Amino acid sequence: MSRLVFLAAVACAACDQTDNDRPATLEYITAAILQPYCSQNVCHSSYARVKGYAFDTVAEARKSLQGIVVPNDPESSLLSIVLTRNVKRMPYDAPLANKDIELIQQWIMQGAPGLTETP
Amino acid sequence: MKSAATGVAGATVVAAAIGVCSGTAAAYPQYQMSRDQTCTGCHISPAGGGLLRENGLAVAESTSQWGTAPEFFYGKVPTPSWLVLGGDLRGAMGYVKTPEELLAGFPMQIEAYGHATLPGGFSLYVDAGARESEVGKEGSTHAWSREHFLMWQQKPGDTTGLFLRAGRFMPVFGLRIAEHPTYIRKWGGTPLYGETYGLAVEYIAPKFELHATGFIKDPTIDTPEHNDGGAFLGEYRLNEKLSVGAEFMYTKSDFDKKFRGGGLVKAFLPAETLLMFEAQYVYQEIAPIGAPNQIVAGLVGSKFLGTAYMLDVGLNYFNENIRITKLNREALDVNLHWFTTSHLELILTTRVEMLAFGDGGKTSGYALGQLHYRL
């Protein structure tokens, strides 16, 4: 019974799915993508800061991204490079969805708003 | 050339893989219904996992290939009746595809536990172990205590009744599957190292159990979860072979709020097969804009094969934003457990993970041999 409810919920959700129109903001990208996929466990959390990067809060993400994002230039941004290359691709445990990568690149293309603002 | 590159990359990935794959010894909910009706039937903690009671030790012995004395250090280190000691050592090595193909090996857990019974129904539960140190505090953070709590029990020594806990522990929520990469843990509110400081009120009866926990983020160290909140889990056993549950969790961080609501079902089918299902609907509110709704679900079939083997087949589903296409991911897990002695478990754990059923990004996976030694 629960499985039927679950499948129905998925089916209903799929009915009005849209394309990638999510807000390309630092706050959204941090909370929806970087925190759940990159900063869990002991990777890019404030605790471990693997390679010096932490993405578990907006303030930490802002600081970390300043060194790996070139506004308006995804191809030169290390963030975009490590998410898309085949060797040493991030995240190590499970690649990001293409739609998430596109949103991050869109944010960079738009000048990476919020990257240099102080909280 | 490929093997050389793989070797270098494999060495590089080890440190990262520790973060990816490290673990803690949690309970096997598969034992519930097939071996006992409640977690407290085998474990000291009402959440399950960690130290075993006498009945849990007996189950460890009877379900292993070669038995051996199940007590702490095979019973050769006697402890007074008020003190229970234990520990877990775990490590893994094998093949990882990320999508780069690598060989990796890494330690997962080095932890010791102690439970001291105090007068008046009180007891103290503490674990201590090694972990990756905190940046900037390397000298003082190689060791830590993931869980430490003071517990009061209405019926001291019993497996049922009212339990109150205060301290650092994982809020009781969901199926509490041991394997932390399962989506219902990873994105379901109880990720690895997601322990918080909290106060729990728990009631356990043969027919039902209730767990309510209020918690705050650890003020002393950074953890994966930067949330304050509350969690509730209620489980009702309709009969000896079927139970249903409801779960709710609210969390708030500096930049988002999440509300989770869901349910679970455990059905013990003929031929020693247990089916477990959990689904959560997650509403996430991100300041100052955006409110993605998510679905996290898991279906696990578990079957005991003879005395000492257990096979799990799990399906995982996570949709990080149900309004947007191709943001769903799926994983098929197959784990084979071999309980060799009362203390030593060998596990072959495998996963194939897809994004939008292969249409939303790179497919990944792993096949790891895991060793778990319980002191």
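The coordinates are above.
In this text the structure is predicted, and so the values were computed from the model without any measurement.

Each value, and the rule that gives it
Residues numbered from 1 in each chain as written. Chains lettered and ligands numbered in written order. Predicted model: local features only at pLDDT ≥ 70, side-chain atom pairs only at ≥ 80, totals over all residues. Helix = DSSP H or I, 4+ residues; strand = E, 2+ residues; numbered from the N terminus. Buried ≥ 20, exposed ≤ 12 C-beta atoms within 10 Å, placed from the backbone. Contact = placed C-beta atoms within 7 Å. Nonpolar A, V, L, I, M, F, W, Y, C, P; charged D, E, K, R; others polar. Pairing = 2+ DSSP bridges.

J.: In this structure, what is going on with the overall build of chain A? I would like to understand it.
T.: Scanning chain A for helices and strands turns up five helices and zero strands. By the burial criterion, 50% of the 119 residues in chain A qualify as buried. By sequence separation, contacts in chain A at least 24 residues apart represent 56% of the contacts at least 6 residues apart.

J.: Got a minute to help me understand the interface of chain A and chain B in this structure?
T.: At the interface, 45 residues of chain A touch 55 residues of chain B. Residue assignment for the side of chain A that touches chain B shows that the elements contributing at least two residues are helix H1 (2-15), helix H2 (26-38) and helix H5 (98-109) of chain A. The residue makeup of the side of chain A that touches chain B, split by class, is 21 nonpolar, 14 polar and ten charged.

J.: I tried to follow helix H3 (residues 58-65) of chain A on my own but got confused; where do I start?
T.: Side chains of residues three or four places apart in an α-helix project in the same direction, reflecting 3.6 residues per turn. All names here are of chain A. Across the eight residues of H3, six count as buried, placing the element largely inside the fold. Every buried residue belonging to H3 is among Val58, Glu60, Ala61, Arg62, Ser64 and Leu65, and all of these are buried. Next to the buried residues of H3 lie H2 and helix H4 (78-84).

J.: What exactly am I supposed to notice about the pairing of strand S15 (residues 328-339) of chain B here?
T.: Each regular strand displays side chains that alternate between the two surfaces of the sheet. All names here are of chain B. Pairing of strand S14 (residues 309-319) with S15, which is carried by eleven bridges, proceeds in the antiparallel orientation. Its bridge partner being in S15, Tyr309 is matched across the sheet by Trp338. Counting the residues that bridge the hairpin from S15 to strand S16 (residues 344-355) gives four residues.

J.: Is there a simple way to think about the environment of Leu65(A) in this case?
T.: Residue and element names in this part refer to chain A. The topology assignment puts Leu65 in helix H3. With eleven residues separating them in the primary sequence, Leu65 and Ala54 have C-alpha atoms 8.9 Å apart. If we skip the residues at most four places from it in the chain, Leu65 touches Leu79 and Leu115.

J.: Explanation requested: the environment of Leu103(A) in the structure shown.
T.: When you line up the elements, Leu103(A) lands in helix H5. Judged by the 24 C-beta atoms lying within 10 Å of it, Leu103(A) falls in the buried class.

J.: Honestly, unusual backbone geometry in this entry has me stumped. Any pointers?
T.: It is generally the case that most residues other than glycine have a negative phi and that most peptide bonds are trans. Cis rather than trans, the peptide bond between Met90(A) and Pro91(A) has omega equal to -10°. By secondary structure assignment, the location of Pro91(A) is in the loop between H4 and H5. Of note, the bond from Thr98(B) into Pro99(B) is cis; its omega dihedral lies within 30 degrees of zero at 10°. On the secondary structure map, Pro99(B) appears in the loop between strand S1 (83-97) and strand S2 (101-117). Here Lys51(A), not a glycine, exhibits a phi torsion of approximately 60°, which is positive. Tracing the chain through its elements places Lys51(A) in the loop between H2 and H3. Given 14 C-beta atoms within a 10 Å radius, Lys51(A) is considered partly exposed. At Thr68(B), a position not held by glycine, the phi torsion is positive, near 80°. You can call Thr68(B) partly exposed: it has 16 C-beta atoms within 10 Å.

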